[in-house]
Amino acid sequence: MPNFLLKPSHCIRSSLEDTVKFLKLFADTKKLNLGRIIHAQLIVTKQATPDHVISTNSLINLYSKCGHVVTARQLFDRMHERNVVSWSSLMAGYLHNGFPVEVLWLFKAMPLADDLRPNEYVLATVLSSCSDSGSFVEGRQGHAYVLKTGLVLHQYVKNALTCLYSMCSDLEGAMSVLNSVPESDVFTYNSIIKGLMEHGYLNEAFEVLGRMVGGCVTWDTVTYVTVFGLCTGLKDLKLGLQVHNRLLKTDIEFDEFIGSAIIDMYGKCGNIAMARNVFDGLQKKNVVAWTAILASHLQNGWFEEALKLFFDMELEGIIPNEYTFAVLLNSCAGLSALGHGNSVHARIQKVGFRHHVIVGNALINMYAKGGNIEAASKVFDDMVYRDFVTWNAMICGYSHHGLGKEALIVFQDMLAAEEPPNYVTFVGVLSACGHLGWVREGFYYLNQLMNQLGIEAGLEHYTCILGLLGKAGLLAQAENFMRSTPVKWDVVAWRTLLSACHIHRNYQLGKEVAEIVLNMDPNDVGTYSLLSNMHARAKRWDGVARIRKLMRERIIKKEPGASWIEIRNHTHIFVSDDNKHPEFSQIYEKVRELLAEIKPLGYVPDLAIVLHDVEEEQKEHYLSYHSEKLAIAYGLMKTPAEAPVHVIKNLRMCGDCHSAVKLISKITNRMIIVRDVNRFHSFRDGLCSCGDYW
């Protein structure tokens, strides 16, 4: 604290020059209380009247930088005379406090007298405000003005212009500023590359990076963070390695912020080992670095490792932020670990992050993939702010659960909220039409609405239409659609048609499609199983034997069916005919009770799907203890009577289990949710959300 502040006010004889210096110091260091003491002394000494321009300007600067822009405006409005500094200080205050539109209004009200002609600081502030507010027309007018006055040569103005054109996605405008000033500095390049990246112009940003390298401009910390972000966006691991190597040859401090950018780059480029090496080599690890390494594991499907790393982070005393919690929730979603997800949700509510959009989006994703679509819907309804990810997560969540009507209602709400749909939105919408069998509506969305919105259809959309035609039983039309649509179909699309052939028992077409699938992927176990099942249902036992022989010759082994259920944060895993669980005898007894109860309701074991060459009684025994039946029985034993049962299976749910579980849901009056490799099956009152089509 300066000595003169410790003296009685009548002893103060500081000059105006000293007062201005102290006000600037307190403004720069955000020490508002000390600044207010000087303000009070200026009032007492009558140096803060509207006639004192210099002292009032200093006070405007103080209050603006300390976030009290309303007080700054009151001082400004009381001034009898103002100079350029008066206008510049208040404009800067509005800009830095998040009121860019107010800057533009103030600039328009500024008299253009000779002694008030805008200088480079005023114009840089105005141009920056145009960037922040998206006022591109006003920004171009400002550009014309600085060209006319010659102020474009000032570094502040040049930087503001490059930011403006980059933020407004005007590559030509940004490059024209770059080309007009030969001494373009690192800030200019950083601004253009960052602006282009934020608007999706990655190739153009790469072109500017090439000019930067060719211009021998010295890179700073911001450059490296920005360029690592560009490597991430381009998924260019080779470029990322080159940039990393360049960094190692400099004397730039390798802090946690640069480290986080490198970790993020390696993670998103699929090199988790390099990401971990960089993380382990950091001297200091803040929450950003920890979140980056957690996200790297998430993005590469290492969900359990991400959760384990979080416990290590907690042991280090690092406090998670909203991005950390989003990574945790999405890791729980990847594992369908609803119990862990519930625990994370409870903690989020306790620490106060529940209103962050990124957290809300992750909660919707976690609950939807965990099988609790009602909880996902509640999170969606409670969100104060939503972005396009929020809407897409809810639409796709409903679609994955077979709730097509609910998905389309949310889509209509999205349009009413004037949130522009994107590529992902229509994957969910067309999938919803597929669940409903709405052919006409599906083609309307594909051929008309997507065209109106300027969204180019891709393979995922066409595959949804294929599934829609298959659901409607229009197999000939589906086959014709595949042959007439100019797109390179992948194995997933052909499997979609094959599944439709299996469900609608079109075995001739199914055989042809299966051959196409096996040519594309000779090791696709699911196709062999479907083809064998089709032969079995048609009682073509020679066909079944031929498929089994082919599998032996090609050394194709069917992955063992496994199902798991989470009870009180502990996961129980079952395989077919499992006797390793410590309570297996009670579980088997529960299965026998359930099957005995549903047989009077019409349940008949589907022995045709059993491919083993055994007696009928053995076939029925094998069907009775499929992994999903064991997991469901255990869930019914261990959960409260009103609680839903959530089971996950690694393969496609078999038809016999599907028929049985529908009736089990009826006799137990329980909701049973099974997530298999294809979709969710929500069983309630003897019905399934898939409509028996999967």
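That block above? That's the structure.
Quick summary incoming for the structure in this document. (Residues numbered from 1 in each chain as written. Predicted model: local features only at pLDDT ≥ 70, side-chain atom pairs only at ≥ 80, totals over all residues. Heavy atoms only, no water.)

Quick notes on helix α32 (residues 541-553)
Relative to the 18 Å expected for 13 residues at 1.5 Å per residue, α32 spans 18 Å between its end C-alpha atoms, a close match to the ideal helical length. Among the residues making up α32, those that are buried are Gly543, Val544, Ile547 and Met551. All buried residues of α32 lie within an arc of 105° about the axis, which places them on one face of the element. Away from its buried face, by an angle of more than 90 degrees, α32 presents the exposed residues Asp542, Arg552 and Glu553. Just beyond α32, the residue with positive phi is Ile555, at close to 55°. (Helix = DSSP H or I, 4+ residues; strand = E, 2+ residues; numbered from the N terminus. Expected span 1.5 Å × (residues − 1). Buried < 20%, exposed > 50% of the residue type's maximum accessible area, 1.4 Å probe, protein only. Arc of directions from axis to C-beta.)

Focus: unusual backbone geometry
Phi is positive for Cys216, close to 55°, though the residue is something other than glycine. Considering the arrangement of structural elements, one finds Cys216 in the loop between α12 (202-214) and α13 (221-234). Cys216 sits in the exposed class, given a relative accessible area of 69%. Positive phi, normally seen in glycine, also occurs at Arg505, with a value near 60°. Mapped onto the secondary structure, Arg505 falls in the loop between α29 (491-503) and α30 (507-520).

A closer look at the environment of Ser563
Tracing the chain through its elements places Ser563 in strand β1 (residues 562-567). For Ser563, a relative accessible area of 0% puts it in the buried group. Sequence spacing of Ser563 and Met653 is 90 residues, and the spatial spacing of their C-alpha atoms is 10.0 Å.

Let's talk about the packing of α13 against helix α15 (residues 256-268)
Any two packed helices are characterised by how steeply their axes cross, that is the angle between the axes, and by the distance between the axes. Between α13 and α15, the shortest axis-to-axis distance is 9 Å and the interhelical angle comes to 10°. Here α15 runs roughly parallel to α13, going by the angle between their axes. Contacts between α13 and α15 pair Thr221, Val225, Phe228, Cys231 and Thr232 from the former with Phe257, Ile258, Ala261, Ile262, Asp264, Met265 and Lys268 from the latter. Its residues assigned to classes, the contact of α13 with α15 shows 8 nonpolar, 2 polar and 2 charged. (Axes fitted to C-alpha atoms, helices over the stretch in contact; angles between N-to-C directions. Parallel < 35°, antiparallel > 145°, perpendicular 65-115°, else oblique. Contact = heavy atoms within 4.5 Å. Nonpolar A, V, L, I, M, F, W, Y, C, P; charged D, E, K, R; others polar.)

So, the sheet that holds strand β2 (residues 570-575)
Across the sheet, 6 strands lie side by side as β2-β1-β3-β4-β5-β6; this open sheet has mixed pairing. The open sheet has two edge strands with one neighbour each: β2 and β6 (687-688). Pairing geometry for strand β3 (residues 645-649) and strand β4 (residues 672-675), over 4 bridges, is parallel. When the bridges of β4 are listed, Val645 appears paired with Ile672. (Pairing = 2+ DSSP bridges.)

So, the pairing of strand β5 (residues 680-684)
Here β5 lies mainly inside the structure; 4 of its 5 residues are buried. When β4 meets β5, the two strands line up antiparallel, connected through 4 bridges. Among the inter-strand pairings, Val674 is bridged to a residue of β5, identified as His681. From the end of β4 to the start of β5, which pair antiparallel, there are 4 residues. Pairing of β5 with β6 involves 2 bridges; the strand directions are antiparallel. Across the sheet, Phe683 pairs through a bridge with Cys688, a residue of β6.

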